[in-house]
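What the coordinates show
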Amino acid sequence: MIMNSGSKGDSVDLRQDPTLKPATFAAGCFWGVEQAFRDVRGVVDVVSGYTGGHVSDPTYEMVCSGTTGHAEAVSVTYNPAIVSYESLLDVFWSTHDPTQLNRQGPDVGTQYRSAIFVHDEGQRSSAEASKHELERSGRLSSPVVTEIVTAGPFWRAEEYHQRFLDKCHRRNA
């Protein structure tokens, strides 16, 4: 379940529709990752936020300090009748360089780590198989450093981070 941080905004409540499923991914700065998943047919909602840390209700400034243990991540709500978890994993792998430890491009720190936060054993199995397949494919010149860990609390980022790239495009249009 998504915990709210900063400004409260609307997001899909999985308890209201049991046909929808959660997925959580960290792949560097959440702005581009959020946009990549928004474009996927069958994805109902994507929320930028923080997970994987040891502090309740973290703020962007706290997470950027690198002291909370959180990663910038996205919480994806999807309809498995339309898009599979395995297809979401394909999007995840294509949005970043999973061989970079604790960084993506110019963004450096554990908050930018590559991680898949699994919500059940089925997701864990699929994520591990997908990672293994990518490692064996020969497409990458370095080992995959992506963590596969159990999902914990997800804290919604401040409202100005939600749909950030859409907001930038509207301002510049």
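Quantities reported herein were computed from a predicted structural model and do not represent experimental measurements.

A few words now on the environment of Met62. For Met62, the position within the fold is in helix α2 (residues 60-64). With residues near it in sequence (within four places) discarded, Met62 still touches Val55, Thr67 and Thr68.

The next point concerns helix α1 (residues 30-38). Among the residues of α1, those classed as buried are Phe30, Val33, Glu34, Phe37 and Arg38. Viewed end-on, α1 has its buried residues packed into an arc of 135°, placing them on one side of the element. In the core, the buried residues of α1 are packed alongside β2 (21-27), β3 (43-51), α2, β4 (71-78) and α3 (85-94).

Our next topic: α3. Every buried residue of α3 is listed here: Tyr85, Leu88, Leu89, Val91, Phe92 and Trp93. Those residues of α3 hidden inside the fold are in contact with β2, α1, β3, β4, β7 (114-118) and α4 (121-137).

Of all hydrophobic cores here, the largest spans 31 residues; its most connected members are Phe25, Phe37, Val76, Tyr85, Leu88 and Ile116. At 6 residues, the largest contribution of residues to this core is made by α3. Apart from the residues lying within four places of it in its own chain, the contact partners of Phe37 are Phe25, Val43, Val46, Val74, Val76, Leu88, Val91 and Phe92. Ala26, Val47, Ala71 and Ala115 belong to the second largest nonpolar core, which has 7 residues in total.

What follows concerns the packing of α3 against α4. The contact between α3 and α4 brings their axes to 10 Å, and the two run at 45°. Relative to α4, the element α3 lies oblique. Regarding α3 and α4, the two cross each other, and that crossing is right-handed. Contact residues: α3 offers Tyr85, Glu86, Leu89 and Trp93, while α4 offers Gln123, Ser126, Ala127, Ser130, Lys131 and Leu134. When grouped by side-chain class, the residues that make up the contact of α3 with α4 number 5 nonpolar, 3 polar and 2 charged.

So, on to the pattern of salt bridges. For the structure shown, the criterion picks out 3 salt bridges. With its nearest N and O atoms 3.3 Å apart, the salt bridge here joins Glu147 to Arg113. One end of the pair, Glu147, is in strand β8 (residues 147-150); the other, Arg113, is in the loop between β6 (107-108) and β7, with 34 residues separating them in the sequence. Note that Arg124 is salt-bridged to Glu121, the shortest N-O span being 3.5 Å. Residue Arg124 and its partner Glu121 are both found in helix α4; the two are separated by 3 residues, about one turn of the helix. We classify Arg124 as buried; its relative accessible area is 18%. For Glu121, a relative accessible area of 57% gives the class exposed.

What counts and how
Residues numbered from 1 in each chain as written. Predicted model: local features only at pLDDT ≥ 70, side-chain atom pairs only at ≥ 80, totals over all residues. Heavy atoms only, no water. Helix = DSSP H or I, 4+ residues; strand = E, 2+ residues; numbered from the N terminus. Contact = heavy atoms within 4.5 Å. Buried < 20%, exposed > 50% of the residue type's maximum accessible area, 1.4 Å probe, protein only. Arc of directions from axis to C-beta. Core = buried A, V, L, I, M, F, W, Y, C linked by side-chain atoms within 4.5 Å. Axes fitted to C-alpha atoms, helices over the stretch in contact; angles between N-to-C directions. Parallel < 35°, antiparallel > 145°, perpendicular 65-115°, else oblique. Left-handed = near helix turned anticlockwise from the far one by under 90°. Nonpolar A, V, L, I, M, F, W, Y, C, P; charged D, E, K, R; others polar. Salt bridge = Lys/Arg side-chain N within 4 Å of Asp/Glu carboxyl O.

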